[in-house]
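Close look at the chain arrangement
The chain contents come next:
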Amino acid sequence: MAKKKESKQKKMNVRVDFTPMVDMMMLLITFFMLCTTLAKPQAMQLTMPAKDNDKIADENKDKAKTDLTVTIYLAPDGKLYSYIIKKAEDFGNEEFLEEVSYGKGGNGVRSIRDVLMTYKPDGEAQPPVQAILAAKKQLVEWEKKQPKDEKSRIVVDSVYAKTLNMIQKGYLNVVKNNNIDKARYEEILNKMMTKTEDPNELATTLAVNIKPLDDCTYENLVAILDEMSICAIGSYRISDINDKDRILLSKVKGKDGKPLLEAPAMPAEGADQ
């Protein structure tokens, strides 16, 4: 009997060609690059106080360092203190030191926002921060009316930022009736670029001196910088604690019942100065 010949199956090589997939992925990437609006980086602007103009009289310089300056101490355990004095010789008097809070305040404690918005130096018709915020509100209303397309927004955002800087410096008449006075805007911009500004044109503004203690947190610092932005404070700086601050804060007890800071050691009597 003849032996049957076993049939052999023909093996086929399976190969998937991914070349069209690569082309499709490149098309998708190109599509999303052209059609997607990339997120703009967000940063907090820190504006340091400008140097005193030579034209400012000595008495105005002294005023800028006293009743127009608000000192804020960032203490441990979320404690916050504001310090406002009328005259330089009053520094060190704990009577003017007020415990305040972040945010909206409550329980009989004012917020730092309330302090900044309601503080009115002697001789002023209204609190400086309120006047600046009123001008900023008009600027915001102007911004809302501008075109929303991407190309126009670049110009609008630039004008908005420059105008806000002018308002924070004290040029409150750059916006009128919810519109930017173009002639005034160009005039101020030219003066700022050529450094020919006249201090007499500026409305009263506050300067804020932020002094963090060693044990305060980074979160506290971010929170107080947010308050500077909310209150449109254009002149503020972060500075170190000095010996005068230590003497003042040594009179204030913290959460643990101990002074916030130890008073600096006094030189021994008769020691070399």
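About the criteria used
Residues numbered from 1 in each chain as written. Predicted model: local features only at pLDDT ≥ 70, side-chain atom pairs only at ≥ 80, totals over all residues. Heavy atoms only, no water. Helix = DSSP H or I, 4+ residues; strand = E, 2+ residues; numbered from the N terminus. Buried < 20%, exposed > 50% of the residue type's maximum accessible area, 1.4 Å probe, protein only. Contact = heavy atoms within 4.5 Å. Areas by Shrake-Rupley, 256 points an atom, 1.4 Å probe, with all protein chains shown as cover. Patch = residues over 30% accessible without salt bridge, like charges linked within 9 Å, V, L, I, M, F, W, Y side chains within 5 Å. Salt bridge = Lys/Arg side-chain N within 4 Å of Asp/Glu carboxyl O. Lys, Arg positive; Asp, Glu negative; His and termini not counted. Charge placed at Lys NZ, Arg CZ, Asp CG, Glu CD. Pairing = 2+ DSSP bridges. Axes fitted to C-alpha atoms, helices over the stretch in contact; angles between N-to-C directions. Core = buried A, V, L, I, M, F, W, Y, C linked by side-chain atoms within 4.5 Å. Polar contact = N/O pair within 3.5 Å; in protein donor to acceptor, adjacent residues only side chain to side chain. Phe/Tyr/Trp six-rings, centres within 6.5 Å; stacked < 30°, edge-to-face > 60°. Parallel < 35°, antiparallel > 145°, perpendicular 65-115°, else oblique. pLDDT = per-residue confidence, 0-100.

**Re the overall build of the chain**
- If you tally the helices and strands in the chain, you get eight helices and seven strands.
- For the chain, with 273 residues in total, the buried portion stands at 32%.
- Here the contacts in the chain between residues at least 6 apart in sequence split such that 58% fall between residues at least 24 apart.
- Only carbon and sulfur atoms are counted for the fraction: they give 53% of the accessible area of the chain, which is about 19200 Å².

**Points about a negative patch on the surface**
- On the surface, Asp-77, Asp-214, Asp-215 and Asp-256 cluster together into a negatively charged patch.
- Relative to the helices and strands, Asp-77 resides in the loop between strand 1 (69-74) and strand 2 (80-83).
- For Asp-77, a relative accessible area of 57% puts it in the exposed group.

**Details of the sheet that holds strand 7 (residues 235-238)**
- Overall, mixed pairing links the five strands, which are arranged 3-2-1-6-7 in an open sheet. Each edge of the open sheet carries a strand with a single partner, namely strand 3 (97-100) and strand 7. Within this sheet the neighbouring strands show an average axis-to-axis angle of 20°, counted without direction.
- Where strand 6 (residues 207-212) meets strand 7, four bridges bridge the pair, whose relative direction is parallel. Paired with Asn-209 across the strands is Arg-237, a residue of strand 7.

**Some words on a nonpolar patch on the surface**
- A grouping of Val-16, Phe-18, Met-21, Met-24, Met-25, Leu-28, Phe-31 and Phe-32 is seen on the molecular surface, where their side chains present a nonpolar patch of about 810 Å² in accessible area.
- Relative to the elements of secondary structure, Leu-28 occurs in helix 1 (residues 19-35).
- A residue is classified by how much of its surface remains accessible, and Leu-28, at 37% relative accessible area, is partly exposed.

**A word on the nonpolar core**
- Core analysis: the largest hydrophobic core is formed by 23 residues, its most contacted members being Ile-72, Leu-116, Val-208, Ile-210 and Ile-224.
- Secondary-structure elements contributing two or more residues to this core are strand 1, helix 3 (112-118), strand 6 and helix 7 (218-230).
- At four residues, the largest contribution of residues to this core is made by helix 7.
- Once residues within four sequence positions are removed from consideration, Val-208 is found in contact with Val-70, Ile-72, Leu-116, Met-228, Ile-233, Ser-235, Tyr-236 and Arg-237.

**Points about the environment of Thr-217**
- As for its placement among the helices and strands, Thr-217 is situated in the loop between strand 6 and helix 7.
- For Thr-217, a relative accessible area of 40% puts it in the partly exposed group.
- Considered as a pair, Thr-217 and Leu-74 are 143 residues apart in the sequence and their alpha carbons are 8.6 Å apart.
- Of note is the side chain of Thr-217, whose polar atom sits 2.9 Å from the side chain of Asn-220.

**Considerations on the side chain of Lys-191**
- Note on placement: Lys-191 falls in helix 6 (residues 182-194).
- Taking relative accessible area as the criterion, Lys-191 reaches 16% and is therefore assigned buried.

**Re the packing of aromatic side chains**
- Per the stated rule, a full pass over the model turns up two aromatic pairs.
- Both rings, one in Phe-31 and one in Phe-32, keep their centres 5.4 Å apart while their planes meet at 70°; by these two values the pair is edge-to-face.
- Exposure remark for Phe-31: the relative accessible area of 46% places this residue in the partly exposed category.

**Digging into the packing of helix 4 (residues 128-144) against helix 5 (residues 150-169)**
- Where helix 4 meets helix 5, the axes come as close as 10 Å, and the angle between the chain directions of the two elements is 170°. As summarised for this structure, helix 4 and helix 5 are arranged roughly antiparallel, according to the angle between their axes. Touching Ile-132, Ala-135, Lys-136, Leu-139, Val-140, Trp-142 and Glu-143 of helix 4 are Arg-153, Val-156, Val-159, Tyr-160, Thr-163, Leu-164, Ile-167 and Gln-168, all from helix 5.

**Here we look at the confidence of the model for the chain**
- When the pLDDT values of the chain are averaged, the result is 82; 81% of them are 70 or greater.
- Confidence, expressed as mean pLDDT per element, reaches its minimum in the chain at helix 2 (residues 58-65) with 47 and its maximum at helix 4 with 95.
- Within the model, the stretch residues 47-63 combines pLDDT values under 50 with 19 contacts to residues more than four positions away or in other chains.

**Concerning unusual backbone geometry**
- One non-glycine residue, Asn-178, lies in positive phi territory at about 65°.
- Position of Asn-178 among the secondary structure elements: in the loop between strand 4 (175-176) and strand 5 (179-180).
- Here the phi dihedral of Ala-232 falls at roughly 55°; this positive angle occurs in a residue that is not glycine.

**Here's the deal with the pattern of salt bridges**
- The tally for this structure, following the rule as stated, stands at 15 salt bridges.
- Salt-bridge contacts for Lys-79 lead to Glu-99; the nearest nitrogen and oxygen are separated by 2.9 Å. Remark: Glu-99 occurs in strand 3 and Lys-79 occurs in the loop between strand 1 and strand 2; sequence separation between them is 20 residues.
- The exposure class assigned to Lys-79 is partly exposed, which follows from its relative accessible area of 24%.
- The closest approach of N and O atoms between Arg-113 and Glu-227, which form a salt bridge, is 2.8 Å. Residue Arg-113 is located in helix 3, and its partner Glu-227 is located in helix 7; the two are separated by 114 residues in the primary sequence.
- Through salt bridges with shared partners, one network takes in Arg-184, Glu-187, Lys-191 and Glu-201.

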